[in-house]
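Structural characterization, general
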Amino acid sequence: MPDDIPTLSPDANCNALKTAEPYPPTWWYYDIDHYTRELDAIWLRSWLYVCRSAELAEPRMYQTIRIGDQNIVILRGYDGELRAFHNACRHRGSLLCTEQKGKLVSKLLVCPYHQWSYAADDGHLVKISSFAEPQGFNKEDYSLFPVAVGEWRGCVFINLDADAEWTLEAAFVRTPATIANYPLETMVVGHTWCREMDCNWKTFWENFSECLHCPNVHPELGELVPQFKRRVVHFKDQPGWEDHQGSGDPLYTGGLADGVETWSMDGSAQGHVIEGRSSEDIERGYSYATTLPSAFIGAYPDHVRIVRLMPMGPEKTQLVAEWLFEPETLNAPDYDPANVIDFGILVMEQDMAVCDLNQAGLHAKPMDAGVLMPEEYYIKAIHDWIRTRLDP
Ligand code: FES
Ligand code: FE
């Protein structure tokens, strides 16, 4: 349920599609050639959220990540700088780091195959294992292939486009002002949850972008955010919304239900709300920032949840969720983080189940494409974002 993707017609009185918009063709969701086209045009040219900077706090700490068939290692150099490289040895291409995360035992990144060694700062080739260097071979020509890195508010991003320059505008669909008052820099990961979905990466984003499914798929969420029971993401999504302004009824004005403090199993924040939020933040009750195609950041009164995706195949997508808390909240003896973690998992599992259903049905032979309904204007925005990148 994003609140940061530009609406289709900002001047319109109501956020809604007027005409029946076609979906992309169904084969975009399972055809291997099209999947590769999207990887090349989108995933390998966009800033992708990888992990929190704190996960790579010390020199020689690393994380590996796979985007399609590209393996990347992100490494805090022994000089303290954060860098990323293709996780591929320049000798004959072996993976260098085989674990998802770890810490190098020395200042060298050593290939597990024939033990070529690279400097764990700038990735230059330090040592080969042969008895001599053959003629025509220069070690300087065999540094690791670099990958661009960006850091923002304690979040690490990479971009496989060698010419990419980090800017906030390049990384976020809209400048993430809605989460400006949440202390992202100092929040710590209290829990991580990883699953594989049997769906295309676009299927996930489409589900994320509408609430037409909310009443039947997320009954518990509707009790916390009443307007979701009306199948809308924003209070302006239905004609006649003006009639309810000033009513103070969250069913029509958005925000959390009366007495609800956060997105948790019992609706309680257990006395640990984040200070410093504006009155608008409190009124909204939750805020989102979306960095397509890889992640969204959901900010709630007592925690933040970052959900990132990585495509594993045309019909396989990895999802990793991280729950972030203020250290004093996470360490408070009277705060049980399971209250928000379990709720997040409940909602994500509900979404994953319908994403899998959606994906399986897309194979129907007579079905060329789906169609968008008025409430699904964010999906059109995402489709337009994708189409622009595929056909610039
Ligand atoms: Fe790495 Fe041979 S492939 S040293
Ligand atoms: Fe949902």
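Residues numbered from 1 in each chain as written. Chains lettered and ligands numbered in written order. Predicted model: local features only at pLDDT ≥ 70, side-chain atom pairs only at ≥ 80, totals over all residues. Heavy atoms only, no water.

It is worth spelling out the environment of Met-348 at this point. Tracing the chain through its elements places Met-348 in helix α9 (residues 338-361). Taking relative accessible area as the criterion, Met-348 reaches 6% and is therefore assigned buried. For the pair Met-348 and Leu-75, spaced 273 residues apart in the sequence, the C-alpha separation amounts to 30 Å. Leave out the neighbours within four places in its chain, and Met-348 touches Trp-193, Arg-305, Val-307, Leu-319, Ala-321 and Trp-323. (Helix = DSSP H or I, 4+ residues; strand = E, 2+ residues; numbered from the N terminus. Buried < 20%, exposed > 50% of the residue type's maximum accessible area, 1.4 Å probe, protein only. Contact = heavy atoms within 4.5 Å.)

Looking at where Phe-157 falls in the secondary structure, it is placed in strand β11 (residues 155-159). Accessibility expressed as a relative area gives 1% for Phe-157, which makes it buried. Counting along the chain gives 111 residues from Phe-157 to Ser-46, while the straight-line C-alpha distance between them is 9.5 Å. Other than its neighbours up to four places away in sequence, Phe-157 contacts Trp-47, Leu-48, Tyr-49, Ala-148, Val-149, Gly-150, Trp-152, Trp-166, Phe-172 and Thr-291.

Here we take up the layout of surface pockets. Any empty space left between atoms is shown by rolling a water-sized probe over those atoms. There is about 360 Å³ of room inside the second largest pocket. If you trace the second largest pocket, you find 22 residues lining it, with Gln-63, Thr-64, Gln-100, Arg-308 and Gln-318 closest to the centre. Residue assignment for the lining of the second largest pocket shows that the elements contributing at least two residues are β2 (48-52), β3 (61-67), β12 (188-197), β15 (303-313) and β16 (316-325). Sorting elements by how many residues they give to the lining of the second largest pocket places β3 first, with 4 residues. A per-class count over the lining of the second largest pocket returns 8 nonpolar, 8 polar and 6 charged. (1 Å grid on protein atoms, 1.4 Å probe; cavity = no way out; pocket = protein on both sides within 12 Å on 5 of 7 lines; lining within 4 Å. Points joined across faces, edges and corners; volume = space filled by probe spheres on them. Nonpolar A, V, L, I, M, F, W, Y, C, P; charged D, E, K, R; others polar.)

Okay, the coordination of the iron ion (ligand 2) next. Within the first shell, the iron ion (ligand 2) binds the protein through His-213 (NE2), His-218 (NE2), Asp-351 (OD) and Asp-351 (OD), at distances of 2.0 to 2.8 Å. Here the iron ion (ligand 2) is ringed by 4 donor atoms whose angles at the metal span 51 to 147°, and the overall shape comes out irregular. Counting the intervening residues between successive donors of the iron ion (ligand 2) yields the motif H-x4-H-x132-D. Pair check on accessibility: His-213 and His-218 agree, each one buried. (Donors = N, O, S within 2.8 Å, 3.2 Å for Na, K, Ca; no water. Tetrahedral: all angles 85-135°; square planar, octahedral: opposite > 155°, others 65-115°.)

Any functional reading would require information that these geometric values do not contain.
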